[in-house]
Amino acid sequence: MDKNRLFSEFQKLGKVLMAPVLILPIAGILVGIGSGFTNPKILELFPFLKNLTIFFNILKDAGNVVNNNIPVIFAICIAYGFVKSEKATAALSGFLGYMTMNTILGNFLIYTGNLDPKNLLIGQKQILGVLTLDTGVFGGILVGFLIAHIHNKFYKIQLPAILSIFNGTRSIPALSIIFSSILGIILAFIFPPIQHLLIKSSDIINSIGASGAFIYGLSERLLLPFGLHHFIYLPFFFTQLGGYLNIDGVMVEGAVNIYNAMLSSPTAKFDINITRFVMNGKVLFAMFGLPGAALAIYKTSLPKNKKKVAALMTAAVLPCALMGITEPLEFSFLFIAPMLFIIHSFYAGIAYILTYILEINIPGPSSFGGPLLSFIFNGILNSDKGSHWYYLLIVGPIYFILYYFTFKIYIEKRNLKTPGREENFETGNEENFEEVSVNKNISTKLLKEIIEAVGGEENIKKVDACFTRLRLTLEDNSKVNDLKIFEKSLGASGAVLVENGIQIIYGNRANLLKIEMREFLKHE
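As annotated in an unreviewed UniProt entry, the protein chain carries the name PTS glucose transporter subunit IIB and is attributed to Fusobacterium mortiferum. Heading Subcellular location (unreviewed entry) of the UniProt record for the protein chain holds this comment: "Cell membrane".

**Regarding the environment of Ala174**
Here Ala174 lies in helix 8 (residues 171–207). Here the alpha-carbon distance between Ala174 and Ser93, two residues 81 residues apart in the chain, equals 8.5 Å.

**A closer look at the domain arrangement of the protein chain**
The assigned domain composition of the protein chain is domain 1 (1–197), domain 2 (278–412) and domain 3 (442–519). For domain 1 and domain 3, the distance between their C-alpha centroids amounts to 32 Å.

**Here we look at the nonpolar core**
Tyr216, Phe237, Phe238 and Phe285 are the most contacted members of the largest nonpolar core, which has 106 residues in total. With eleven residues, helix 13 (residues 280–299) is the single largest residue contributor to this core. Every residue in contact with Phe237, bar those within four places of it in the chain, is listed here: Tyr216, Gly254, Ala255, Val256, Asn257, Phe277, Val278, Met279, Pro365 and Ser367. Residues Ile451, Ala453, Val454 and Leu513 belong to the second largest nonpolar core, which totals 24 residues.

**Describing a nonpolar patch on the surface**
Among the surface-exposed residues, Ile178, Phe179, Ile182, Ile185, Ile186, Phe189, Ile190 and Ile194 lie close enough to one another that they form a single nonpolar patch of about 700 Å² accessible area. Along the chain, Ile190 falls in helix 8. Residue classification places Ile190 among the partly exposed positions, given a relative accessible area of 42%.

**A closer look at unusual backbone geometry**
At Asp248, a residue that is not glycine, the phi angle is positive and equals roughly 55°. Residue placement: Asp248 occurs in the loop between strand 3 (244–247) and strand 4 (250–253). We note that His388 has phi near 55°; this positive angle belongs to a residue other than glycine. Topologically, His388 is positioned in the loop between helix 17 (371–380) and helix 18 (392–414).

**Considering the environment of Ile272**
Within the element layout of this structure, Ile272 appears in helix 12 (residues 272–275). Its relative accessible area of 8% is what places Ile272 among the buried residues. C-alpha of Ile272 to C-alpha of Gly386: the two residues are 114 residues apart in sequence and 9.4 Å apart in space. Ignoring any residue separated from it by four or fewer positions in sequence, one finds Ile272 in contact with Asn280, Thr355, Tyr356, Glu359, Ile360 and Asn361.

Rules used throughout
- Residues numbered from 1 in each chain as written.
- Predicted model: local features only at pLDDT ≥ 70, side-chain atom pairs only at ≥ 80, totals over all residues.
- Heavy atoms only, no water.
- UniProt positions renumbered as here; feature names shortened; annotations may be inferred.
- Helix = DSSP H or I, 4+ residues; strand = E, 2+ residues; numbered from the N terminus.
- Domains from an automatic or database assignment.
- Core = buried A, V, L, I, M, F, W, Y, C linked by side-chain atoms within 4.5 Å.
- Buried < 20%, exposed > 50% of the residue type's maximum accessible area, 1.4 Å probe, protein only.
- Contact = heavy atoms within 4.5 Å.
- Patch = residues over 30% accessible without salt bridge, like charges linked within 9 Å, V, L, I, M, F, W, Y side chains within 5 Å.
- Areas by Shrake-Rupley, 256 points an atom, 1.4 Å probe, with all protein chains shown as cover.
- Salt bridge = Lys/Arg side-chain N within 4 Å of Asp/Glu carboxyl O.

As structure tokens, then:
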């Protein structure tokens with residue numbers, strides 16, 4: 001497989017892996033609200049909330065339905081995302097395969113004396129009622145790929161008449177159970193050493209402290225333009241690389257899982273060695289730094305364009321600060337001034353050092369509701385757990401000023417054509433842009449213009465989307481003549497050509513565009 005094809009496959013995997021991650025925001029918000037309003041100090045200040053304790057505990061329980069079952073969600077999403085057709089059968093088989101793998105894995109370890117139900121070791125736990133070895137998201141991912149491979153190979157199978165009841169997709173659940181049983185036995189031998197390696201790696205990463213936080217933040221930003229940043233943070237989110245800790249007598253692994261367990265616990269305190277992996281640095285640069293950059297772009301724009309730039313930057317800053325969706329703002333300067341993006345990535349790494357040193361225990365990604373909501377519910381309302389939210393009010397304005405003057409000086413010195421500095425600056429087709437921004441049905445005119453810009457209907461093989469990008473798989477990339485047209489006329493923040501396709505940055509409008517375009521093109 002050549003490097004371009006490998007890059008394309010990694011991007012596809014990143015997109016599929018983001019599906020379960022995008023379920024997390026509502027879970028994070030529910031757990032944050034529930035934990036915040038059952039906090040002893042909050043109840044002491046507002047005694048009437050004691051009458052609502054049951055309600056807020058229910059919110060926590062509802063959110064933890066997602067948080068406690070991430071691996072099986074991964075298994076289902078990967079099986080669904082990588083099959084060619086009949087996706088509902090694949091999703092069902094993903095669940096069956098995951099449960100079968102865990103059941104056989106756990107029972108095999110019990111039979112061989114390597115798992116004692118009365119004396120569980122690190123990485124051994126009950127998963128959906130089954131006592132087994134906790135393979136985390138790795139197990140879910142393996143099962144998902146296994147089911148996808150079985151499905152794509154056998155979903156059209158024709159069997160002898162006596163077995164014809166299992167023709168086609170009806171064979172997939174049965175085959176999934178068989179092959180997942182085999183996978184469970186294989187994992188009983190190979191996963192314990194992998195688990196040991198992950199624990200050792202986590203210990204090494206924790207030992208390098210602030211420098212490890214810097215590398216984590218820097219590399220995650222630098223990989224953003226390629227759509228590969230998911231591969232930096234996802235292993236830390238959900239595996240032992242992100243740490244392992246005993247919370248109220250239960251061993252928990254993965255930074256997201258540990259943080260949520262701390263949040264739900266009445267006694268556990270936040271730990272900065274965990275919080276740095278749930279992007280506490282992002283709260284600093286998304287809430288304060290990048291808005292400073294947006295102000296600099298506005299201030300350096302031509303007087304006649306300031307009104308348009310103000311509207312454009314406001315539309316980019318709001319999702320950035322509220323939900324942690326930074327791409328629309330970052331792509332406004334990424335291609336015009338790559339060095340500015342590198343500086344921004346360096347500042348992002350420094351943000352992780354500062355939040356590590358000051359022990360600001362506030363997660364920043366959208367999976368916790370985004371920087372602002374996380375600041376309120378996980379920071380202010382859970383202050384007694386050691387969130388240290390008040391430090392953010394000190395370093396935040398400093399970061400705003402740092403970004404503002406860095407961007408302003410660099411833009412003016414290099415005479416960069418950032419938004420609004422061109423004489424004929426346009427923010428795009430205003431009618432189309434307005435319709436998209438308020439989440440009405442996308443205009444047919446806009447869809448036609450996007451399709452025309454990528455070479456016509458016959459050039460589009462597949463329409464998909466991740467959190468912020470409309471992803472089109474194309475027959476021929478050379479038919480895309482001008483990437484700038486997406487910014488100038490089609491309301492996008494930018495566009496990137498990748499192997500066999502294009503990614504168009506539309507922020508949180510991307511998924512709506514995907515749905516409308518699929519219906520327009522009559523794609524599945």
